[in-house]
Amino acid sequence: GAGVSQSPSNKVTEKGKDVELRCDPISGHTALYWYRQRLGQGLEFLIYFQGNSAPDKSGLPSDRFSAERTGESVSTLTIQRTQQEDSAVYLCASSPRHFYNEQFFGPGTRLTVL
Amino acid sequence: QQQVKQSPQSLIVQKGGISIINCAYENTAFDYFPWYQQFPGKGPALLIAIRPDVSEKKEGRFTISFNKSAKQFSLHIMDSQPGDSATYFCAAPIQGAQKLVFGQGTRLTINP
């Protein structure tokens, strides 16, 4: 595709339910990033993939958060037993190998936990 | 040491004026300084970037000024337009970590 796509665009769930958020990076981009953006706040790094390995998971806030990536393609961020404080926009970005400074962002998934 | 501090948090400028957003960093190993622009409901998009071997970079109405000794860099938007109203983030790469650290963002409003 032309850009990074994310689905769903909006997700409303009940506290305690699990959610899966999907990211399709730009074709050929080997690096993939997940960020969390709370309302009116900055970008909080969650996890980074190079190919299908995750050398940096330091931003995952708890063991309820996990992410996977298939090859150099789609990634899924899973949040188990969602809490109200998980409500935020989850952004995905990708970048070409060796150009990780220039990240291309998707439109985000707005997650609301009731 | 791995942070960038951005100011102001919000800024209101009249159409045609100059918008200035500042960022300060601590880690002298930072070697690339991008600015991202984010419109409501959209993801951030790379706007302009500078490397520390130059003091200024200009692209159209957008200019980055870099002060290595003060460890500061700033974004200037000349002849600001209502369409420039957005949130702006400065960022810097963390050397060896292959990721960016972002400032807290500045919400810019250009009044017509």
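Scroll up to find the structure this text is about.
It should be emphasised that the depicted structure is a prediction, and the values quoted were computed from it without experimental measurement.

Draft legend 1. Here's a closer look at unusual backbone geometry. The step from A:Ser7 to A:Pro8 runs through a cis peptide bond, and the omega angle for that step is -10°. With respect to the secondary-structure elements, A:Pro8 resides in the loop between strand S1 (5–7) and strand S2 (10–13). The peptide bond linking B:Ser7 to B:Pro8 adopts the cis configuration, its omega dihedral lying at -5°. Its identity as a non-glycine residue notwithstanding, A:Arg81 has a phi of 45°, on the positive side. Structurally, the position occupied by A:Arg81 is in the loop between strand S8 (75–79) and strand S9 (88–95). A:Arg81 gets classed as partly exposed once you look at its relative accessible area, which sits at 42%. Of note in the backbone geometry, B:Asp79 takes a positive phi value of approximately 45° without being a glycine. Assignment of secondary structure puts B:Asp79 in the loop between strand S8 (72–77) and strand S9 (86–94). Take B:Asp79: its relative accessible area is 40%, and that puts it in the partly exposed class.

Draft legend 2. Representation of the interface of chain A and chain B. Every contact between the two is made by 19 residues of chain A and, on the other side, 19 residues of chain B. Across the chain A to chain B interface the summed buried area is about 1600 Å²; carbon plus sulfur atoms make up 51%. Per-residue buried area on chain A facing chain B is highest for A:Leu43, A:Tyr100 and A:Asn101; these three make up 34% of the total on that side. At the boundary of chain A and chain B, one finds 1 salt bridge. For A:Asp56, the salt bridge goes to B:Lys99, with nearest N and O atoms at 2.8 Å. Inspection of the chain A/chain B interface yields 5 residue pairs in polar contact (both at pLDDT 80 or more). Breaking the side of chain A that touches chain B down by element, the ones donating at least two residues are strand S4 (31–37) and strand S5 (44–50) of chain A. Its residues assigned to classes, the side of chain A that touches chain B shows 9 nonpolar, 8 polar and 2 charged.

Cut-offs used in this document
Counting from 1, residues in each chain are numbered in the order their sequence is written. Note on labels: chains are lettered from A, ligands numbered from 1, in written order. In keeping with the model being predicted, local features are shown solely for residues with a pLDDT of at least 70 and side-chain atom pairs are shown and tallied solely at 80 or more, while totals for entire chains, interfaces and linings include all residues. As a convention, hydrogens and water are excluded, and side-chain values are obtained from all of the structure's heavy atoms. The secondary structure listing takes helices from DSSP runs of H or I that are at least 4 residues long and strands from runs of E that are at least 2 residues long, numbered from the N terminus. To sort residues, take the accessible area from a 1.4 Å probe on protein chains only and compare it with the maximum for the residue type: under 20% means buried, over 50% means exposed, and anything in between is partly exposed. The contact rule is simple, with two residues in contact once any of their heavy atoms fall within 4.5 Å. Throughout, the accessible surface (probe 1.4 Å) given up by two parts as they are put together, summed over both, is called the buried area. Salt-bridge detection follows one rule: a side-chain nitrogen of Lys or Arg within 4 Å of a carboxyl oxygen of Asp or Glu. We define a polar contact as two N or O atoms separated by no more than 3.5 Å, with the added condition that, inside protein, one atom must be a possible hydrogen donor and the other a possible acceptor, whereas residues neighbouring each other in sequence contribute only through side-chain atom pairs. Under the scheme applied, nonpolar residues are Ala, Val, Leu, Ile, Met, Phe, Trp, Tyr, Cys and Pro; charged residues are Asp, Glu, Lys and Arg; polar residues are all the others, including Gly.

These figures come from the coordinates and say nothing about function on their own.
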